[in-house]
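Chain residues, written in single-letter form:
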Amino acid sequence: MTIIDAHHHLWDLDVRDQEWIEGPELAPLRRSFLHHDLEAEAREAGVSATVLVQTVTVAEETPEFLALAAASDLIGAVVGWTDLTSPGIADELARLRSLPGGGLLRGIRHQVQGEADPDWLTRPEVLRGLRAVAAAGLVYDLLILPHQLSAATRAAAAVPGLTFVLDHLGKPPIASGELEPWAGRVRELAALPNTVCKLSGMATEADWRSWTVRDLRPYADTVQDAFGPRRLVFGSDWPVSTLAASYGEVVDFTGELLNALTPVERDEVWAGTARRVYRLTPVATPAQPVTSPRTG
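Residues numbered from 1 in each chain as written. Predicted model: local features only at pLDDT ≥ 70, side-chain atom pairs only at ≥ 80, totals over all residues. Heavy atoms only, no water.

A. Local environment of unusual backbone geometry. Pro181 follows Glu180 through a cis peptide bond whose omega is 5°. In this model, Trp238 is joined to Pro239 through a cis peptide bond whose omega is 0°. Within the element layout of this structure, Pro239 appears in the loop between strand 8 (232-234) and helix 8 (247-257). With a phi close to 55°, His168 is a non-glycine residue in the positive phi region. Here His168 lies in the loop between strand 6 (164-166) and helix 6 (182-190). For His168, a relative accessible area of 5% corresponds to the buried category. For Asp237, which is not glycine, the phi dihedral falls at a positive 60°. (Helix = DSSP H or I, 4+ residues; strand = E, 2+ residues; numbered from the N terminus. Buried < 20%, exposed > 50% of the residue type's maximum accessible area, 1.4 Å probe, protein only.)

B. Structural view of the packing of aromatic side chains. All chains considered together, the criterion is met by eight aromatic pairs. For the ring pair Trp182 and Tyr219, a centre distance of 5.5 Å and an interplane angle of 50° mean the geometry is tilted. Pair noted here: Trp182 is in helix 6 and Tyr219 is in helix 7 (residues 213-227), with a separation of 37 residues, a long-range link. An aromatic cluster of three or more residues is present, and its members are Trp11, Trp20, Phe33, Trp238 and Tyr247. A cation sits over an aromatic face here: Arg31 above Phe33, 3.9 Å from the ring centre. (Phe/Tyr/Trp six-rings, centres within 6.5 Å; stacked < 30°, edge-to-face > 60°. Lys NZ or Arg CZ within 6 Å of the ring centre and 35° of its normal.)

C. Spotlight on the packing of helix 5 (residues 149-158) against helix 6. Interhelical geometry of helix 5 versus helix 6 gives an angle of 5° and a closest axis separation of 9 Å. With respect to each other, helix 5 and helix 6 are oriented roughly parallel. Here Leu149, Ser150, Ala152, Thr153 and Ala156 of helix 5 lie close against helix 6, whose contacting residues are Trp182, Arg185, Val186, Glu188 and Leu189. (Axes fitted to C-alpha atoms, helices over the stretch in contact; angles between N-to-C directions. Parallel < 35°, antiparallel > 145°, perpendicular 65-115°, else oblique. Contact = heavy atoms within 4.5 Å.)

D. Just the pattern of salt bridges, in detail. For the structure shown, the criterion picks out 13 salt bridges. The shortest N-O distance in the salt bridge between Glu39 and Arg43 comes to 3.8 Å. Pair noted here: Glu39 and Arg43 are both in helix 1 (residues 35-44), with a separation of four residues, about one helical turn. Given the relative accessible area of 35%, Arg43 is considered partly exposed. Between Arg109 and Asp167 there is a salt bridge; the shortest N-O distance is 3.1 Å. Taken together, the residues Arg109 in strand 4 (residues 105-110) and Asp167 in the loop between strand 6 and helix 6 connect sequence positions 58 residues apart. Given the relative accessible area of 3%, Arg109 is considered buried. (Salt bridge = Lys/Arg side-chain N within 4 Å of Asp/Glu carboxyl O.)

The quantities given are spatial measurements derived from coordinates; they are silent on function.
Right, here's the structure in full:
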């Protein structure tokens, strides 16, 4: 079985701070997570290729990630950041793609979850930027909260030529066990054909210390039913995921959550959808993937 991790991060605190890592609960993340750390974790878990995703709204990060991906035999694509509201976004996207590793830029993301305006995604200047992302042949990763799902749906309807990839299921309230109104809103988004969902970030939306697969299943089942396996991708969200689970545990519980699918459907979630969405070249299957079982 081939596994593509379509969502992970890297950061080097010697290069720049990650200001979002603050408070005692996030203290385990307050260190550098570098390529060699990723490679050790990913290879042990049986992952063959990955998608590196931006972490901060700093212009210098994306060129650094592109150069890193160009030198890596594991990172197959980069989802970077640029200012969607800039009138010069088309020129900036062209500049990024001209840099070393620029051909590996496959998507753009902004931390919309931090925007106070719940309708930020439908602002005219943002829609203009999203159209430029589409014109550049890139996808757009949605980092949003449940109350922003309706605006995301309107944005996806307004820019039908752009593929919108919902990160972390739209961050449902797994810890509280509530399904609505998140489930209804995510189904509205999934009704649009230009949308995809990442099966990622679930354990960190649950109780970090006591979650079980049973807690995650209603949310995973909702997006499996809404999007279907050809529009679902696996993502580890490493190293943020380590707050609640190891890399191997994330791979293992994802496998449990997919156990009702056929082998062909599981292959789509593990690799096929990611290949299409992020235009990844075929990768070889690891000889002996190693995972850490976890049940619940």
